[in-house]
Amino acid sequence: MSAARWSYALNQWDTNIDTFVRKREHERALKTVSISGFSAVELTAASFGAWEPLGNPRQIRDLYGSVAAFGEVLRGCALDGISSYVYDPFIGFDVEMGRGHDPLDPSSAGPIAETSEWFAGTVRELGGSVLVVRPVGSAWQTGPLDDSQIEVLANLWDAVGRRTAALGVELALHVDFLSALRLGDGLDRLLAATDADVVGLALDTAELAVAGMDPVAVYRRHASRVRHVQLKDAREVVDEAEAMTPHAEQFVRTEGGRRGIERWFFEPTDEGGLVDFEAFVSALHEHGYAGWIVVESDQSPHPAESTMVSGWYVQKRLAPLLAR
Amino acid sequence: MDHWRSNSPSGPIDQWRSRRTMTRFLRQVAAVGFDAIDTFDFRYWQILEQYGSVANYQEFVQEQGLERIVNTFHGVYYEPDRYAPEVPETHATIVEDFKVTMDRWSGIQLDNVIVMPGSRFYDDHGPTDDQLKHAADVWAKVGEVTQQYGVNLTCHHEHYAGIRNRRQIDTFYAYADPRYVKFFVDTAQHCIADVDPVDVYEAHHERVTGFHFKDTRNKDVNEDYKLFPDAEVSAVTTEKWFYEMGTAEGLVDFERMMRSVRDHGYEGWISVEHDKADKLGGDYAESTAISRWYAKNVLDGIYAGAGA
């Protein structure tokens, strides 16, 4: 029996400010996730105050009365809790759509660590075990990371990792397809520079595939560091030149670049995409992966359908690969 | 039940658009824990075109992890001069239609073929007792035909149909031979017509061979049942009659319904239906998930608690 557990990311329901606010909307999404065979949900940090009520611990408390009360809602929907929270340090929480801190700025270390601890405490209280973070900005902002930048990042995330570990929460660095870590051997160097005991890797199959990286190969290379998996599919690749587009988050990820790609991410299925899920999950099995596997379909126009179709794929095809 | 719509890059579609869309539909149904599907028998020609035969289509269903097709709903236009249960002159046509239908579906084993036992709203007074008797007579003849294939002929009472209120239902079944004419309870349809679904089930439980479990938030208080082409799409009372069970503000007491089903020893299939779930921003997939969540987390426990 595998120790891995299956969760589903709620980000596909929360596509814009004030689209996922009412408790009834939360409840319907949570029940859909539960009955599709998942035992937990992943939350994503967001900044729009009370209109993003799952966007940070304060908003959870304001809507539900307390984090613990939200935990009761999760269990009432037949879920165990949350698996994880995704936190991007560039997001600030004091004003609507506020800006946070750049991990490459050494003076940001304190605020980022404090905010990480804030989220990690909520992860723990809601039964989860992982804080997923965006470890650095985009490739167009930095170019290839030099040794001094790697050192700044390593110092930051080691410090954060020690603080979350003290709360019983693992820290996992997430590489998105525009990340500076896609350039050269940035990812390998950052992992080598960080403390393996407190800093792990969150491996997102689709983000790596869009970046032109083979998620199976990346997993095999860093299996001992992988603390978290996000499973989704992709159909298009963004090469390095396109990733270097100024403000690529807006002009490539959101607007779709010159090709006008309207949707980068798809739920895991056997319908054909860049990711070979069965090979990937088999690799997890070979290495005895025992963490969360979070299925995602951010950008799905049909959240319930995506959850159910991927739920079928997990139940019938992927979970049996782990149970061998 | 196979009412289903979703949005595609080319606009709204149903699951019969392609084998790929059918695959996704079946996987959604299977993923949340349903065991089987119902369908409409007017899909027959489409089944031949896409799958080759009814048996092939059932194999396709089974490949997605479902057991089988349990029921079909017989769709036909009722017209007094051609095909109407209340009109004896059309009965030979009706019986012949079912000989053809049952032969077409004989490649698989169904539990029920479901019919509307009466024509659409008949007139201000509804069908007369004689007309109810004529309808009961023809369905008994049809039931004899279907039972030769091991299939029940079972009657489903739309809230806008000619046999809709409690008096009409009771009179119809008083005339109908219980060996051949069975009853299919639709919780929401009865509720809209101001018929208590539990009470009518208990009155006729011995001939009940299936259920559509769905909810509603409204009863017909505007004589919507008289509207053309049918009150499900033309009503004044609401643009959306049907909601999945487990919905807030639902009028059907499913916990009471389930206790009754349990206490009467019913062991057949219960079908969950979402008719026009996409109205007013609804979503078939989500309704399917929410209703199955409710069945698993609320109703299964009631059914398992025999005698509680």
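In this report, the structure presented in the accompanying data block is examined. (Residues numbered from 1 in each chain as written. Chains lettered and ligands numbered in written order. Predicted model: local features only at pLDDT ≥ 70, side-chain atom pairs only at ≥ 80, totals over all residues.)

Another aspect to go through is the overall build of chain A. Looking only at helices and strands, chain A features 13 helices and 12 strands. Rg of the C-alpha trace for chain A: 18 Å, near the compact-globule value of 20 Å for 324 residues, within the 12% margin. If you line up chain A on its principal axes, its C-alpha atoms span 50 × 40 × 40 Å. Here chain A holds 324 residues, and 50% of them are scored as buried. (Helix = DSSP H or I, 4+ residues; strand = E, 2+ residues; numbered from the N terminus. Rg over C-alpha atoms; globule rule 2.2 N^0.38 Å. Buried ≥ 20, exposed ≤ 12 C-beta atoms within 10 Å, placed from the backbone.)

Here we come to the overall build of chain B. Assigned secondary structure in chain B consists of 11 helices and 11 strands. By the compact-globule yardstick of 19 Å for 308 residues, chain B fits well, its C-alpha radius of gyration being 19 Å. Relative to its 308 residues, chain B shows a buried fraction of 47%. Here the contacts in chain B between residues at least 6 apart in sequence split such that 79% fall between residues at least 24 apart. (Contact = placed C-beta atoms within 7 Å.)

This part takes up the sheet that holds strand E7 (residues 170–174) of chain A. Residues and elements named next belong to chain A. Read around the closed barrel, eight strands run E1-E2-E3-E6-E7-E8-E9-E12, paired in parallel fashion. Across this sheet, the average inter-strand angle for adjacent strands is 30°, counted without regard to direction. Where strand E3 (residues 81–87) and strand E6 (residues 130–133) come together, four bridges link them in parallel fashion. Bridge assignment links Ser84 to a residue of E6, and that residue is Val130. (Pairing = 2+ DSSP bridges. Axes fitted to C-alpha atoms, helices over the stretch in contact; angles between N-to-C directions.)

So, on to the packing of helix H4 (residues 109–125) of chain A against helix H6 (residues 147–166) of chain A. All names here are of chain A. Remark: H4 packs on H6, axes separated minimally by 9 Å, with the N-to-C direction vectors making an angle of 30°. Comparing the axis directions of H4 and H6 gives the class roughly parallel. In the packing of H4 onto H6, the handedness of the crossing is right-handed. Across the interface between the two elements, Ala109, Ile112, Ala113, Ser116, Glu117 and Ala120 of H4 pack against Leu156, Ala159, Val160, Arg163 and Thr164 of H6. Of the residues in the contact of H4 with H6, the class split is seven nonpolar, two polar and two charged. (Parallel < 35°, antiparallel > 145°, perpendicular 65-115°, else oblique. Left-handed = near helix turned anticlockwise from the far one by under 90°. Nonpolar A, V, L, I, M, F, W, Y, C, P; charged D, E, K, R; others polar.)

The next thing to look at is the packing of helix H8 (residues 197–204) of chain B against helix H10 (residues 254–263) of chain B. All names here are of chain B. Direction vectors running N to C along H8 and H10 enclose 10°, while the axes themselves pass 9 Å from each other. By the angle between their directions, the pair H8 and H10 is classed as roughly parallel. In this structure, H8 contributes Pro197, Val198, Tyr201 and Glu202 to the contact, and H10 contributes Arg256, Met257 and Ser260. A per-class count over the contact of H8 with H10 returns four nonpolar, one polar and two charged.

Take the interface of chain A and chain B next. Contact with chain A, which involves 18 residues of that partner, is made by 19 residues of chain B. At eight residues, the largest contribution of residues to the side of chain A that touches chain B is made by helix H13 (residues 303–322) of chain A. When grouped by side-chain class, the residues that make up the side of chain A that touches chain B number seven nonpolar, seven polar and four charged.

Along its 13 residues, helix H1 (residues 23–35) of chain A runs 18 Å from first to last C-alpha, staying within 8% of the 18 Å computed at 1.5 Å per residue. Of the positions making up H1 of chain A, those classed as buried are His26, Arg28, Ala29, Leu30, Lys31, Thr32, Val33, Ser34 and Ile35 of chain A. Those residues of H1 of chain A that are buried are in contact with strand E1 (5–9), strand E2 (40–44), helix H3 (67–76) and H13 of chain A together with helix H11 (284–304) of chain B. Backbone geometry just after H1 of chain A places Gly37 of chain A at a positive phi near 105°. (Expected span 1.5 Å × (residues − 1).)

Within the secondary structure, Ala192 of chain A is located in helix H7 (residues 186–193). Sequence spacing of Ala192 of chain A and Ile150 of chain A is 42 residues, and the spatial spacing of their C-alpha atoms is 9.8 Å.

Quick look at the pairing of strand E4 (residues 69–73) of chain B now. All names here are of chain B. For E4, the buried fraction is high: five of the five residues fall into the buried class. Two strands pair when backbone bridges link them, and strand E3 (residues 37–40) and E4 are joined in this way by three bridges, in the parallel orientation. By the bridge assignment, Thr39 is partnered in E4 with Thr72. Two strands pair when backbone bridges link them, and E4 and strand E5 (residues 112–115) are joined in this way by three bridges, in the parallel orientation. Bridge pairing links Asn71 to Asn112 in E5. Handedness of the β-α-β unit built from E4, helix H4 (residues 91–104) and E5 comes out right-handed. (Right-handed = clockwise from strand over helix to strand, strands pointing away.)

What follows is about the sheet that holds E5 of chain B. The parallel open sheet is built from seven strands, whose spatial order is E3-E4-E5-E6-E7-E8-E11 (chain B). Two strands close off the open sheet at either side, each with one partner strand: E3 and strand E11 (271–272) of chain B.

With that settled, consider H7 of chain A. The α-helix advances 3.6 residues per turn, and as a result positions three or four apart in sequence lie on the same side. Residues and elements named next belong to chain A. Restricting attention to buried positions, one finds in H7 the residues Gly186, Leu187, Arg189 and Leu190. Looking straight down H7, one finds its buried side chains confined to an arc of 165°; they lie on one side. Buried-residue contacts for H7 involve H6. (Arc of directions from axis to C-beta.)

Here we take up the environment of Ala248 of chain A. All names here are of chain A. For Ala248, the location among the structural elements is in helix H11 (residues 248–254). Looking at Ala248, the number of C-beta atoms within 10 Å reads 21, which means it is buried. Sequence spacing of Ala248 and Arg189 is 59 residues, and the spatial spacing of their C-alpha atoms is 24 Å. Aside from chain neighbours lying at most four places away, what touches Ala248 is Ser138, Trp140, Leu178, Ala243 and Arg253.

Another point: unusual backbone geometry. Unusually for a residue other than glycine, His247 of chain A sits at a positive phi of about 55°. Structurally, the position occupied by His247 of chain A is in the loop between helix H10 (240–243) and H11. Its 13 C-beta neighbours within 10 Å are what place His247 of chain A among the partly exposed residues. Notably, Glu223 of chain B is not glycine yet its phi reads approximately 55°, a positive angle. Tracing the chain through its elements places Glu223 of chain B in the loop between strand E9 (215–216) and helix H9 (231–234).

So, on to the pairing of E1 of chain A. Looking along a regular strand, one sees the side chains alternate between the two faces of the sheet. Residues and elements named next belong to chain A. Burial analysis of E1 places four of its five residues in the buried class, which makes it a mostly covered element. Of the strand pairs in this sheet, E1 and strand E12 (residues 292–295) are connected by four bridges, and their pairing is parallel. Note that in E12 the partner of Trp6 across the bridge is Ile293. Strand direction decides the pairing type here: E1 and E2, joined by three bridges, are parallel. When the sheet's bridge partners are listed, Ala9 is paired in E2 with Glu42. At this point the chain moves from E1, through H1, to the parallel E2, and the crossover so formed is right-handed.

That is the geometry; function is a separate question.
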